[in-house]
Amino acid sequence: MHRVIKLDIATKKLTEAPLNQDLQIVAIEAGSESRHRMNSMGFHIGDILVKIDSNRWGPVLIQNVTNHATKIAIGRALAEKIIVTFKI
Amino acid sequence: MIVSADHKTIVLVGQPNSGKSTLFNVLSDLKTSTANYAGTSASVNKTEINVYGDTYTLIDLPGSYTLNPISDSEKLTTNFLLLEKFDLIVNVVDASLLTRSLELTVELAEFGMPMVIALNMYDEAQSHGIDIDIDQLERKLKVPVIPTMALYGKGIKKLMDTCYNMLNRGVVYPEYWEFTPRIEKSIAEIKSKINIPGEYNGNSRFYAIKSIENPVLVPEGIMRDVKSLRDDAENVIVEQYGSDGFEAISYERHHLSMKLTEDISTFRITRRRKLVDKLDDFLLHPILGYVILGGFLMFYFFTIFVVGNAIGGLVDGPISKIPGFYEGLKAGSPFLWYTINGAYQGLAGIFGIVLPYFLPLVLLTSIFEDTGYLSRTAFLVDGLFHKIGLHGKSVVPFILGFGCSVPALYAARMIENPRDRMITGILIPFIPCSARIAVIFALTAAFTGPIWAFVVFAYILIIVSLSGKALSKALSKPMGLILEIPNLKTPSLKIAMTKTWVKIRELLKEAFIFLLAGSIILGWIEYFNASKYVDYIFSPLLKTVLGLPEQLGSTLVFGFLRKELIIVMAAQALGVQSVADLPLTAHQVVVFIIFVSLYFPCLTTFIVILKEFGYKTGFFSAALSIIIAVVSAFLFKIVLAM
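Keep in mind that this is a model prediction, so the values were computed, not measured.

Rules used in this analysis
- Residues numbered from 1 in each chain as written.
- Chains lettered and ligands numbered in written order.
- Predicted model: local features only at pLDDT ≥ 70, side-chain atom pairs only at ≥ 80, totals over all residues.
- Heavy atoms only, no water.
- Helix = DSSP H or I, 4+ residues; strand = E, 2+ residues; numbered from the N terminus.
- Buried < 20%, exposed > 50% of the residue type's maximum accessible area, 1.4 Å probe, protein only.
- Contact = heavy atoms within 4.5 Å.
- Pairing = 2+ DSSP bridges.
- Axes fitted to C-alpha atoms, helices over the stretch in contact; angles between N-to-C directions.
- Buried area = accessible area lost by both parts, 1.4 Å probe.
- Salt bridge = Lys/Arg side-chain N within 4 Å of Asp/Glu carboxyl O.
- Polar contact = N/O pair within 3.5 Å; in protein donor to acceptor, adjacent residues only side chain to side chain.
- Nonpolar A, V, L, I, M, F, W, Y, C, P; charged D, E, K, R; others polar.
- Core = buried A, V, L, I, M, F, W, Y, C linked by side-chain atoms within 4.5 Å.
- Arc of directions from axis to C-beta.
- Phe/Tyr/Trp six-rings, centres within 6.5 Å; stacked < 30°, edge-to-face > 60°.
- Lys NZ or Arg CZ within 6 Å of the ring centre and 35° of its normal.

What to know about the overall build of chain A
Phase 1 of the analysis: Summing up its helical and strand segments, chain A has two helices and six strands in all.
Phase 2 of the analysis: Mapped in sequence order, the helices and strands of chain A form the string β-β-α-β-β-β-α-β.
Phase 3 of the analysis: Looking at chain A as a whole, 52% of its 88 residues are labelled buried.
Phase 4 of the analysis: Contacts in chain A between residues far apart in sequence, at least 24 positions, make up 57% of those at least 6 positions apart.

Structure follows, in structure tokens:
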């Protein structure tokens, strides 16, 4: 008997990821300066974060769960370059 | 020279919003001064403190996430630590953000200078469900760790006792944590080749790490010796980890600080959502957030307006009595009278108009800055500001600009990206300050009716947007917005008052001499009756291009000193008693308003732009404003004549 294994992980840009759910950073596809800045502010690939707020044209508000950090607002252009995975 | 040779020096180092400045303000008194650091606009706060009879210099370095600086203020912190002489670092760690804060601590431990840790906001950490084993942290880092709650002054005495003991009985150095063996091997190889130049602080392992991570920070002499070794090390990192040297080291520190946090703290899951988080649901809400922001802005302007007006009213009486004291000189020694009167006009402007608004503005801004609300406004309006090529961070300077351009320019310091800071600095003088708003209202009320005031404001906003867009197009693309939204906090009035006093003193110290000199020169122009020559010089512009009476030329020069003087001077120049009697048509008044609202900022603003942004930006901003003012006024003349 075969068991159907359903892949229940999705990968999306941070801008398109759902709110209030654990998201894991898998890539930061921005230029080195922005990437370094993200690192300096405590964001690294593998970290878990939650997207708290976002509207169509404004920045995205996230909170890093891995290091219990404060909220960080990330400009839309940069948020589009952050790739996250999450359970669906 | 920031550090004095006479006293031992303690430096406060911490990440932004770690409560470092609060700690500094609690420790210092009103003797605090700010010192500019060569090559940057950023400044450090400095004070002298007395501990058991010993005097120490205490320096508050700008908040920095790491010793890999991006903004001017972070560069200052790193340069200071690398090159200035100091005796002890107090690393202020935000206990409620332990993992992230410890990333800087891990880096400071690598740096290897004497250190004490102030584990600040200890109470907040506990309410977040974080229990920290302080003894364990001390054992791990081999330096004293003192829990503090700077805002309430708790733990401060113990912290100072510890500093005193260290400075008198011998300092201790922190112990560094090792990276993964492969990277440690490269570091050890590079380290063996390093000879640190005498003027540099820190140990050779630190420079070995930096040569891989961020070579620009490493002295040239060292880089020459280790270049090939560090290139090999980075190649190995790229091959094995798939990232550059900078990122690999950053990840190493990230893991070390997570490990350290795990070892020294336990995290209880707290069920209750904290009040501040619930408040944020409203403050950052996609609809309610803007309603609250609107209410906040109204409250903000209203308070500044009412308080500024009240203070202005109080000081106006005494200030207007001053000319009586030197009135007698006018007949006997007119030159002296005009000199004193010129100085008086300038000083009356700063004490009678700028300071009354500056005071409530700076105080209120300090209070709101400390609550953390200002960064929330930046988040809310970021999308809007993107339309003119800027970030939400520019909103605060812009709001302040409606009161007075000077504090607005100082507020632009909070923008870390030099490009955005410069654009904001160039745009601020276009925002009508209270003096120009007064001119606009007085002239429109007398001649054209309030509708024209709105037209003028709308036009100015269009100019600001278009200039912003054009400037941002002309300059390279900025780094994306990454803005920390710190937890909401209760502000301290005492600290806000200290900050206000320091800022006011800074303004007076920096602008006073220039303002005095400029005002006296304008007084001499009056004495030598040079205004007719001034009128003559401006005649082609005013009469030919803008169709205004040429006598208004000298008015513009006085407007440069104090924009609100324009009305008084215009009446004087055209020989009438009140504004309403000015021999101008409604159309001429509109053209005149447009011109005076946009042309050259006032003298104080100009001086502050030069100080904050340098001569190039200062003169560019002045030239741009004159060009825009002439073109705009001319356009209005043409359109109105149709």
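Section: the sheet that holds strand 1 (residues 9-13) of chain A
Paired through backbone hydrogen bonds, the strands of a sheet run either parallel or antiparallel to each other.
Phase 1 of the analysis: Across the sheet, which stays open at both edges, the seven strands sit in the order 1(A)-6(A)-2(A)-3(A)-4(A)-5(A)-10(B) with antiparallel pairing between neighbours. The strands lining the two open edges of the sheet, one partner per strand, are strand 1 of chain A together with strand 10 (482-485) of chain B. Direction aside, neighbouring strands of the sheet carry axes that sit 40° apart on average.
Phase 2 of the analysis: Pairing of strand 2 (residues 22-28) of chain A with strand 3 (residues 48-54) of chain A involves three bridges; the strand directions are antiparallel. Of the residues in strand 3 of chain A, the one forming a bridge with glutamine 24 of chain A is isoleucine 48 of chain A.
Phase 3 of the analysis: Helix-sheet contacts for helix 1 (residues 32-40) of chain A involve strand 2, strand 5 (71-74) and strand 6 (82-87) of chain A together with strand 10 of chain B, and the interaxial angle to strand 10 of chain B is about 15°.

Regarding the interface of chain A and chain B
One widely used convention gives an interface's size as the accessible area the parts lose upon coming together.
Phase 1 of the analysis: With 31 residues of chain A at the interface, the matching set in chain B holds 36 residues.
Phase 2 of the analysis: Of the roughly 3300 Å² buried where chain A meets chain B, counting both sides, 59% is carbon and sulfur surface.
Phase 3 of the analysis: Across the chain A-chain B interface, the total number found is four salt bridges.
Phase 4 of the analysis: A salt bridge links aspartate 244 of chain B to arginine 35 of chain A; the shortest N-O distance between them is 3.7 Å.
Phase 5 of the analysis: At the junction of chain A with chain B, the criterion picks out ten residue pairs in polar contact (both at pLDDT 80 or more).
Phase 6 of the analysis: Counting residues per element, the ones that place at least two in the side of chain A that touches chain B are helix 1, strand 4 (60-64) and strand 5 of chain A.
Phase 7 of the analysis: Looking at the side of chain A that touches chain B element by element, the count peaks at eight residues for helix 1 of chain A.
Phase 8 of the analysis: Tallied by class, residues from the side of chain A that touches chain B come to twelve nonpolar, 13 polar and six charged.
Phase 9 of the analysis: Sheet analysis places strand 5 of chain A next to strand 10 of chain B, joined by four bridges and oriented antiparallel. Bridge pairing in strand 10 of chain B links lysine 71 of chain A to isoleucine 485 of chain B.

Some remarks on the nonpolar core
All names here are of chain B.
Phase 1 of the analysis: Phe398, Phe595 and Leu598 are the most contacted members of the largest nonpolar core, which totals 94 residues.
Phase 2 of the analysis: Broken down by element, this core gets its largest block of residues, 13 residues, from helix 26 (residues 603-641).
Phase 3 of the analysis: Those residues in contact with phenylalanine 595 that sit more than four places away from it in its chain are Leu541, Leu546, Leu556, Ala629, Val630 and Ala633.
Phase 4 of the analysis: Judged by nonpolar contacts, the second largest core, of 56 residues, contains Leu81, Met223, Ile237 and Leu256.

Description of helix 7 (residues 181-191) of chain B
Residues and elements named next belong to chain B.
Phase 1 of the analysis: Considered for burial, the residues of helix 7 that qualify are Ile183, Glu184, Ser186, Ile187 and Ile190. Viewed along the axis of helix 7, the buried residues span an arc of 160°, placing them on a single side of the element.
Phase 2 of the analysis: On its buried face, helix 7 sits against helix 8 (204-213), helix 9 (220-241) and helix 10 (245-264).

Re the packing of helix 19 (residues 434-447) of chain B against helix 20 (residues 450-474) of chain B
Residue and element names in this part refer to chain B.
Phase 1 of the analysis: Relative orientation of the contacting elements helix 19 and helix 20 amounts to 145°, with a least axis distance of 9 Å. Across from Ile437, Ile440, Phe441 and Thr444 in helix 19, the residues of helix 20 making contact are Trp452, Ala453, Val456, Phe457 and Ile460.
Phase 2 of the analysis: Residues belonging to the contact of helix 19 with helix 20 are distributed by class as follows: eight nonpolar, one polar and no charged.

Considering the packing of aromatic side chains
We describe a pair of aromatic rings using the distance from one ring centre to the other and the angle between the two ring planes.
Residues and elements named next belong to chain B.
Phase 1 of the analysis: The tally for this structure, following the rule as stated, stands at 23 aromatic pairs over all chains.
Phase 2 of the analysis: With centroids separated by 5.3 Å and ring planes inclined at 35°, the aromatic side chains of phenylalanine 296 and tyrosine 300 adopt a geometry described as tilted. In this pair, phenylalanine 296 and tyrosine 300 are both assigned in helix 12 (residues 288-326), four residues apart and thus about one turn of the helix distant.
Phase 3 of the analysis: Relative accessible area serves as the criterion here: at 9%, phenylalanine 296 is assigned to the buried category.
Phase 4 of the analysis: Residues tyrosine 615 and phenylalanine 619 carry aromatic rings whose centres are separated by 6.3 Å and whose planes lie at 20° to one another, so their mutual orientation is stacked. Of this pair, tyrosine 615 and phenylalanine 619 both sit in helix 26, four residues apart, which is roughly one turn of that helix.
Phase 5 of the analysis: A relative accessible area of 58% means that tyrosine 615 is categorised as exposed.
Phase 6 of the analysis: Residue phenylalanine 619 is classed as partly exposed on the basis of its relative accessible area of 48%.
Phase 7 of the analysis: Members of the aromatic cluster, joined through ring pairs, are Tyr326, Phe335, Trp337, Tyr338, Tyr344, Trp524, Tyr527 and Phe528.
Phase 8 of the analysis: A cation over an aromatic ring shows up here: arginine 205 above the ring of phenylalanine 179, its NZ or CZ 5.3 Å from the ring centre.
Phase 9 of the analysis: Across the ring face of tryptophan 337, the terminal group of lysine 330 is positioned such that the distance to the ring centre comes to 4.4 Å.

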